[in-house]
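Tertiary structure, described
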Amino acid sequence: MTYQETLTWMFSQLPMYQHQGKVAYKADLSNTTALANHLGHPENKFKSVHVAGTNGKGSTSHMIASVLQEAGYKVGLYTSPHLKDFRERIKVNGDSVDEDFVVQFIEENRSFFESHTLSFFEMTVGMAFQYFSEKNVDIAVIEVGMGGRLDSTNIITPEVSVITNIGFDHMQFLGDTLEKIAQEKGGIIKPGIPVVIGETQSETTPTFKALAEKNNADIIFADQKPKTSYVSDLKGSYQIKNINTAVQTLYLLRQKDYTISDKALEYGLSHVVKNTGLLGRWQVILKKPLVICDTAHNESGLTYVMKQLQTLEFENLHIVLGAVKDKDLNSIINLFPREAQYYFCKPDIPRGLNAEVLKNKFLEKGFHGSAFPSVGDAYNEALKKASDRDLIFVGGSTFVVAEII
């Protein structure tokens, strides 16, 4: 198979949460464990940092990887979902996995995948771990896909575990209270392995403390530590919390004899995009009119993004908005400004919510806007209507942002 044929097979043959939703979720680690055994346990052949959380885990993972690269280490980075190309999920020192490796890995293991009915995510995690093992990385930063306890990545024993924060997302899988969600994400806390918690929350702190005590793991709350003066090229105001979380994680690695200078910290945090290729975080697409996109898609993420929008100066606000079918719109609809003009659209995936349905839901609540058949059509109409002094925001879903960057 060619690379494109390989991707088509991966996307079409196997359950994939990104496209299908709940049917793709596997509620145990038996498949991942079987795959690791089949591959000769590549997850034991490299050091790692494990990063979970409702929001900020992608940015935090990229920050940690960027600093470790600046410190001279060969760094693997596994994140999800991808925005433009599948290979974004698996990188070494900012370079995406080779197309040939993707094709070869699937060809060599396809019969195993089929006989064990592996999910897209399980297969991709195995691919990442095999790649990092073969590339002899010094350390890999591994972002949890969803949850933690039952996530396919949770077969590693990291140097440090990280949980950025807990908010309401994927509640059909992880539970309907912050405590229940914390219990799932806290499942990455391992015996004797220190854990960094990004944000102290009254609902989740007792859960994390109990899990840490049970595992004899040191626990550090990053927001209780003195604020650092480091800045990042990731410009969303919410990144301040992610910087603190990343810095505390890197301090712990220092204690484990990783050589990370203050200069590496400073330069790594301020060159995240250059070093890792991260996209879609408060990303400026155009200056006139000002066009900003952000992948925030749940209540806590969108709260920060909408607050930051209101700090900018503009004449009129245009919002290109799409969502997925299983999104609880009632939890986010009141976060959006009513004075904006909306361009509703459906991201081009099976899980995409029909633009008319999205429009009607918003119009019922007093918003103004029109529905468009595609993200591109909605974005082009916003560009046509906006003056140079206006602001266009594109978001609501990772998959909307992916279509315009």
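The paragraphs below set out a description of the structure included in this document. (Residues numbered from 1 in each chain as written. Predicted model: local features only at pLDDT ≥ 70, side-chain atom pairs only at ≥ 80, totals over all residues. Heavy atoms only, no water.)

Examining the nonpolar core
Counting 35 residues, the largest nonpolar core has Met10, Phe113, Met127 and Phe132 as its most contacted members. Elements represented by at least two residues in this core include exactly α1 (3–13), α3 (30–39), β3 (90–92), α5 (99–116), α6 (120–134) and β5 (139–143). For this core, the element with the highest residue contribution is α6, accounting for nine residues. Setting aside anything within four residues of it in sequence, one finds Met127 in contact with Met10, Phe86, Ile90, Phe101, Val102, Phe105 and Ile106. The next biggest cluster of nonpolar side chains, apart from the first, holds 32 residues, and it includes Ile64, Ala65, Tyr73 and Leu265. (Core = buried A, V, L, I, M, F, W, Y, C linked by side-chain atoms within 4.5 Å. Buried < 20%, exposed > 50% of the residue type's maximum accessible area, 1.4 Å probe, protein only. Helix = DSSP H or I, 4+ residues; strand = E, 2+ residues; numbered from the N terminus. Contact = heavy atoms within 4.5 Å.)

A few points about the sheet that holds strand β11 (residues 317–321)
Across a sheet, strands are paired by hydrogen bonds formed along the backbone, either parallel or antiparallel in direction. Taken together, the six strands give an open sheet; going across it, the order is β9-β10-β14-β11-β12-β13, and neighbouring strands pair in mixed fashion. Taken across any chain shown, the strands that pair with only one partner, and hence form the sheet edges, are β9 (283–286) and β13 (368–371). Averaged over neighbouring strand pairs, the angle between their axes works out to 20 degrees when direction is ignored. Looking at chain direction, strand β10 (residues 290–293) and strand β14 (residues 391–395) are connected through four bridges and run parallel. Residue Leu290 lies in a different strand from β14, and its bridge partner there is Leu391. (Pairing = 2+ DSSP bridges. Axes fitted to C-alpha atoms, helices over the stretch in contact; angles between N-to-C directions.)

Describing the environment of Ile197
The topology assignment puts Ile197 in strand β7 (residues 195–197). For Ile197, a relative accessible area of 0% translates into the label buried. Along the chain, Ile197 and Leu290 lie 93 residues apart, while their C-alpha atoms are 35 Å from each other.

Concerning helix α11 (residues 262–270)
Every α-helix carries 3.6 residues per turn, so stepping three or four residues along brings you back to the same face. Restricting attention to buried positions, one finds in α11 the residues Ala264, Leu265, Gly268 and Leu269. Buried residues in α11, looked at end-on, bunch into an arc of 115 degrees, giving them a common side. Residues of α11 that are exposed and point more than 90 degrees away from the buried face comprise Lys263 and Glu266. On the buried face of α11, the contacting elements are α4 (57–70), α10 (239–255) and α12 (272–276). (Arc of directions from axis to C-beta.)

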